[in-house]
Amino acid sequence: CCWRQGAAVAMAHNADATAPAIDAVTEDEGRAGSTVNTNISTDGQTQRRGMWLRTIKPGDGENYPSAGDTVRTHYQAFLLDSGGEPGEKFDSSRDKGHTFLWKVGHNQVIEGMDKAIVRMSKGQIAEATIPYELAYGEQGYPPVIPPKSNLLFEIELIDISSL
């Protein structure tokens, strides 16, 4: 679909001051099944506006990717509806029948994917809820992704290599 083509546009668009910061994480730095909240709020809107990482299957808890590493993953990508529920699947490495490789921190994927993957350990499967500011921004990626679309990615971190 639109990973590499749209990622650079989204990254440039996310440079504004409205994008949530990823610095606020749980005590264990978002690893091993914890929730990553990037927009702490007391008004009840935290989950809709922040980035969340929920473990489906724990990883090894020892091997985490860093910027510059190449990761081998499987993913499924869904649009979130206005209530925050998964809607239409718009992309999937599993449906394509092959894994997806990218170099972490090199603008090869949307910002939210880079931020999620460094908090996952090898073998982990997690759901990352990514706000539009860390995805395809205000413009979206027409016609596949409408403007201001929040996304849900199911990510499996299969392998990490430092080339």
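Check the entry above for the structure.
Residues numbered from 1 in each chain as written. Predicted model: local features only at pLDDT ≥ 70, side-chain atom pairs only at ≥ 80, totals over all residues. Heavy atoms only, no water.

## Re unusual backbone geometry
Next up, step 1: Across the junction of Pro 142 and Pro 143, the peptide omega takes the value 0°, indicating a cis bond.
Next up, step 2: Here Pro 143 shows up in the loop between strand S5 (125-130) and strand S6 (151-161).
Next up, step 3: Unlike most non-glycine residues, Asn 107 shows phi in positive territory, near 55°.
Next up, step 4: Counting through the fold element by element, Asn 107 comes out in the loop between strand S4 (100-103) and helix H4 (111-117).
Next up, step 5: By relative accessible area, which is 40% here, Asn 107 ends up partly exposed.
Next up, step 6: The backbone phi angle of Lys 148 is positive, close to 55°, even though this residue is not glycine. (Helix = DSSP H or I, 4+ residues; strand = E, 2+ residues; numbered from the N terminus. Buried < 20%, exposed > 50% of the residue type's maximum accessible area, 1.4 Å probe, protein only.)

## Some words on the nonpolar core
Next up, step 1: Leu 151 and Phe 153 are the most contacted members of the largest nonpolar core, which has 27 residues in total.
Next up, step 2: Contributing elements (two or more residues each) for this core: strand S2 (70-80), S4, H4, S5 and S6. (Core = buried A, V, L, I, M, F, W, Y, C linked by side-chain atoms within 4.5 Å.)

## What about the packing of aromatic side chains?
Next up, step 1: Enumeration over the complete set of coordinates arrives at five aromatic pairs.
Next up, step 2: Centroid distance Tyr 75 to Phe 153: 6.4 Å. Interplanar angle 45°. Geometry classified as tilted. One end of the pair, Tyr 75, is in strand S2; the other, Phe 153, is in strand S6, and 78 residues separate them in sequence.
Next up, step 3: For Phe 153, a relative accessible area of 1% translates into the label buried.
Next up, step 4: Seen from their ring centres, Phe 90 and Phe 153 are 6.2 Å apart, and the 90° between their planes marks the pair as edge-to-face. Of this pair, Phe 90 sits in strand S3 (residues 86-92) while Phe 153 sits in strand S6, and the two are 63 residues apart along the sequence.
Next up, step 5: Following the ring pairs from residue to residue traces out a cluster consisting of Tyr 75, Phe 90, Phe 100, Trp 102 and Phe 153. (Phe/Tyr/Trp six-rings, centres within 6.5 Å; stacked < 30°, edge-to-face > 60°.)

## Here's the deal with the pattern of salt bridges
One side chain can pair with another of opposite charge once the charged atoms of both are near each other.
Next up, step 1: The tally for this structure, following the rule as stated, stands at seven salt bridges.
Next up, step 2: Measuring nitrogen to oxygen at the nearest pair gives 2.3 Å for the salt bridge that ties Glu 156 to Arg 94. Of the two residues, Glu 156 sits in strand S6 while Arg 94 sits in helix H3 (residues 93-96), which places them 62 residues apart along the sequence.
Next up, step 3: Taking the relative accessible area as the measure of exposure, Glu 156 reaches 19% and is therefore buried.
Next up, step 4: Residue Arg 94 is classed as partly exposed on the basis of its relative accessible area of 37%.
Next up, step 5: Taking the shortest distance from any N to any O, the salt bridge between Lys 115 and Glu 111 comes out at 3.7 Å. Of this pair, Lys 115 and Glu 111 both sit in helix H4, separated by four residues, roughly a single helical turn.
Next up, step 6: In this structure Glu 111 comes out as buried when scored by relative accessible area, which is 17%. (Salt bridge = Lys/Arg side-chain N within 4 Å of Asp/Glu carboxyl O.)

## Some remarks on the environment of Pro 131
Next up, step 1: Residue placement: Pro 131 occurs in the loop between S5 and S6.
Next up, step 2: On the basis of relative accessible area, Pro 131 is assigned to the buried category, the value being 2%.
Next up, step 3: Each C-alpha atom of the pair Pro 131 and Leu 152 lies 8.8 Å from the other, and the pair is 21 residues apart in sequence.

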